Amino acid sequence: GPEEPEVVGAVSASRRRLAAAFGVGEDKMREEYMRRMANPQKPFEVPSGEAPVHEVVLTGDQIDLTKLPFHVQHEYDGAPYISSGIDFTIDPVTKRSNVGCRRLMLRGKDKCGFNLTAPSDLRQIYLGCVARGEKLQASFTIGSHPLDTMAASFRGVPGDELNALATFRGEPLPVVKCLTNDLYVPADAEIVLEGYVDERGYIDNEGPYGEYMGFYGPMHGDPVFHVTAITRRRDVLHQTVKHGVGRKLGWCDGAPMGAVQSEARVWQALKMAGIDVVNVYVPPGPGVGSHVRVSIRKRTDGDARDAIAAVLGGMRTTKHVYVTDDDVDIRSNEEMDWAMSS
């Protein structure tokens, strides 16, 4: 269009790119991830005048979501979408911040649909608001540090979930207070949509949409998000996430992000089970965490079975586990085929 927006996509859709976000080589990514998880960080507030995401502020009649690059993500999607939304809310009861990943479906100049059907903390928070007849304040970032998306899908950091973003970044997180609600968001984001989710509940159809496992999710009822302000950088980049692309799941943002987290959990589970683990690898093609390869130094004939039991017992998304001796490069498909055939 005439605005000529710049769109950046698939920023985390390879191990090389994700390793760059962590600031380490690919072979050190799991260790760096585990180091950061063991060293929690917290946010700190910066003034609005110092926040890059407040360089441009649009309110009232200036709000027009049709000028943002919503686009059809997959052939049979029900509408144009923005796939990179990270939602920020506060539980009105506990006063704790909640952060997650949500797609946004274009519904008008100042309205979006978004998916809130799967079990989540945000779903429970919103259902409580509906029962009390309350609106829920919400803000969405579009474009942020690559690790923010990874942190927003993580459930292992207790308390305020803004802390998770800081912990994944490995340093204190600069946040800024929104201008039309009482929420805090990363001050270095590209775009923020401020607003609220109305109290009417699941009243609008959303979907279908190409999901992360390469299949379409059906149309279903969902809430409506109303935008009260758009803030952004002057030199804004509009991020899109490559999501569900059928038989090319390894090309999606979720594949390396899910793989690193799965590998770290598997490594810890095997260590706790007393397995002499040498390496863990989650291949990208089958989807997030579906297949796990493990190489071990076998001390008894039962070690491989123990390793399989430990992985399947602790990883609900894992479907197949392959265990080899330590002389097999489990990152090589050729060596894995050789090991399986011989």
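Before reading on, note that the structure itself is shown above.
The sections below set out a description of the structure shown in this document.

Thresholds, definitions, all that
Residues numbered from 1 in each chain as written. Predicted model: local features only at pLDDT ≥ 70, side-chain atom pairs only at ≥ 80, totals over all residues. Heavy atoms only, no water. Patch = residues over 30% accessible without salt bridge, like charges linked within 9 Å, V, L, I, M, F, W, Y side chains within 5 Å. Areas by Shrake-Rupley, 256 points an atom, 1.4 Å probe, with all protein chains shown as cover. Salt bridge = Lys/Arg side-chain N within 4 Å of Asp/Glu carboxyl O. Lys, Arg positive; Asp, Glu negative; His and termini not counted. Charge placed at Lys NZ, Arg CZ, Asp CG, Glu CD. Helix = DSSP H or I, 4+ residues; strand = E, 2+ residues; numbered from the N terminus. Buried < 20%, exposed > 50% of the residue type's maximum accessible area, 1.4 Å probe, protein only. Pairing = 2+ DSSP bridges. Axes fitted to C-alpha atoms, helices over the stretch in contact; angles between N-to-C directions. Contact = heavy atoms within 4.5 Å. Parallel < 35°, antiparallel > 145°, perpendicular 65-115°, else oblique. Left-handed = near helix turned anticlockwise from the far one by under 90°. Nonpolar A, V, L, I, M, F, W, Y, C, P; charged D, E, K, R; others polar. Phe/Tyr/Trp six-rings, centres within 6.5 Å; stacked < 30°, edge-to-face > 60°. Lys NZ or Arg CZ within 6 Å of the ring centre and 35° of its normal. Core = buried A, V, L, I, M, F, W, Y, C linked by side-chain atoms within 4.5 Å. Arc of directions from axis to C-beta.

## So, a negative patch on the surface
And then number 1: Taken together, the side chains of D325, D327, D329, E334, E335 and D337 define an acidic patch exposed on the protein surface.
And then number 2: When residues of the negative patch are assigned to their parent elements, the largest contribution, 3 residues, is made by helix α8 (residues 333-341).
And then number 3: With respect to the helices, strands and loops of the structure, E334 is situated in helix α8.
And then number 4: Take E334: its relative accessible area is 69%, and that puts it in the exposed class.

## Observations regarding the sheet that holds strand β11 (residues 184-186)
The pairing of strands in a sheet happens through backbone hydrogen bonds and is either parallel or antiparallel.
And then number 1: Strand order across the open sheet formed by 3 strands is β2-β10-β11, with mixed pairing between neighbours. Of all the strands in the sheet, just β2 (43-45) and β11 have a single pairing partner and so form its edges. Direction aside, the axes of adjacent strands within the sheet are offset by 45 degrees on average.
And then number 2: The pairing of β2 with strand β10 (residues 173-177) spans 3 bridges and is parallel. Considered in β10, the bridge of F44 is made with P174.
And then number 3: Helix-sheet contacts for helix α5 (residues 162-169) involve β2, β10 and β11, and the interaxial angle to β10 is about 145 degrees.

## Thoughts on the packing of helix α2 (residues 29-37) against α5
And then number 1: For the pair α2 and α5, interaxial distance at closest approach is 8 Å and the crossing angle is 135 degrees. Comparing their axes, α5 and α2 come out oblique. Considering only the axes of α2 and α5, their crossing is right-handed. Facing Y33, R36 and M37 of α2, the residues of α5 in contact are T167, F168 and R169.
And then number 2: For the contact of α2 with α5, the class distribution of residues is 3 nonpolar, 1 polar and 2 charged.

## Considerations on the environment of G100
And then number 1: Turning to its location among the elements, G100 is positioned in strand β6 (residues 97-101).
And then number 2: G100 sits in the buried class, given a relative accessible area of 6%.
And then number 3: Along the primary structure G100 and G210 are separated by 110 residues, whereas in three dimensions their C-alpha atoms are 18 Å apart.
And then number 4: Non-local contacts of G100, meaning those with residues more than four positions away in its chain, are made with G85, I86, D87 and A152.

## Quick word on the packing of aromatic side chains
And then number 1: For the structure shown, the criterion picks out 7 aromatic pairs.
And then number 2: Here Y76 and Y216 contribute two aromatic rings whose centre-to-centre distance is 5.7 Å and whose plane-to-plane angle is 65 degrees, an arrangement assigned as edge-to-face. You can see Y76 sitting in the loop between β3 (56-59) and β4 (81-82) and its partner Y216 sitting in strand β15 (residues 216-217), a full 140 residues away along the chain.
And then number 3: Judged by relative accessible area, which is 40%, Y216 ranks as partly exposed.
And then number 4: Ring pairs connect the aromatic residues Y33, F154 and F168, which therefore count as one cluster.
And then number 5: The side chain of R30 reaches across the aromatic face of W267, ending 4.0 Å from its centre.

## Quick word on the sheet that holds strand β21 (residues 320-325)
And then number 1: Read from one edge to the other, the open sheet built from 3 strands follows the order β19-β20-β21, with strand pairing classed as mixed. Of all the strands in the sheet, just β19 (277-281) and β21 have a single pairing partner and so form its edges. Put simply, the sheet's adjacent strands are angled 20 degrees from each other on average, direction ignored.
And then number 2: Of the pairings in the sheet, the one linking β19 to strand β20 (residues 291-296) comprises 4 bridges and is antiparallel in character. Each bridged residue has a counterpart across the sheet, and for V277 the counterpart in β20 is I296.
And then number 3: Most of the contacts of helix α7 (residues 303-314) go to β21, to which it runs at about 150 degrees, and overall it touches β20 and β21.

## A look at the packing of α2 against helix α6 (residues 254-272)
And then number 1: The interhelical angle for the contact between α2 and α6, taken along N-to-C directions, is 75 degrees, at an axis separation of 9 Å. In terms of their interaxial angle, α2 and α6 are classed as roughly perpendicular. Of α6, the residues touching α2 (which contributes M29, R30, Y33 and M34) are V260, Q261, E263, A264, W267 and Q268.

## A short note on the nonpolar core
And then number 1: L18, Y33 and M150 are the most contacted members of the largest nonpolar core, which has 34 residues in total.
And then number 2: Elements that contribute at least two residues to this core include exactly α1 (15-22), α2, β5 (85-90), α4 (146-152), α5, β10 and α6.
And then number 3: Broken down by element, the residue count for this core peaks at 5 residues, all from α5.
And then number 4: Here L18 is in contact with S12, M29, L147, M150, P256, M257 and V260, once residues within four sequence places are set aside.
And then number 5: With 24 residues, the next largest nonpolar core counts L104, L136, I142 and F225 among its residues.

## Side note on the pattern of salt bridges
And then number 1: Under the criterion given, the structure shown has 18 salt bridges.
And then number 2: When salt bridges with common partners are traced through the structure, they connect E32, R35 and R36 into a single cluster.

## Some points on α1
And then number 1: For α1, every residue scored as buried is listed here: R15, L18, A19, A21 and F22. One face of α1 carries all of its buried residues, which in axial projection span an arc of 155 degrees. What points out from α1, more than 90 degrees from its buried face, is the exposed set R16 and A20.
And then number 2: Check the buried side of α1 and you find it contacts α2, α4, α5, α6 and β19.
And then number 3: Where α1 terminates, the next one or two residues include G23, which has phi positive at roughly 75 degrees.

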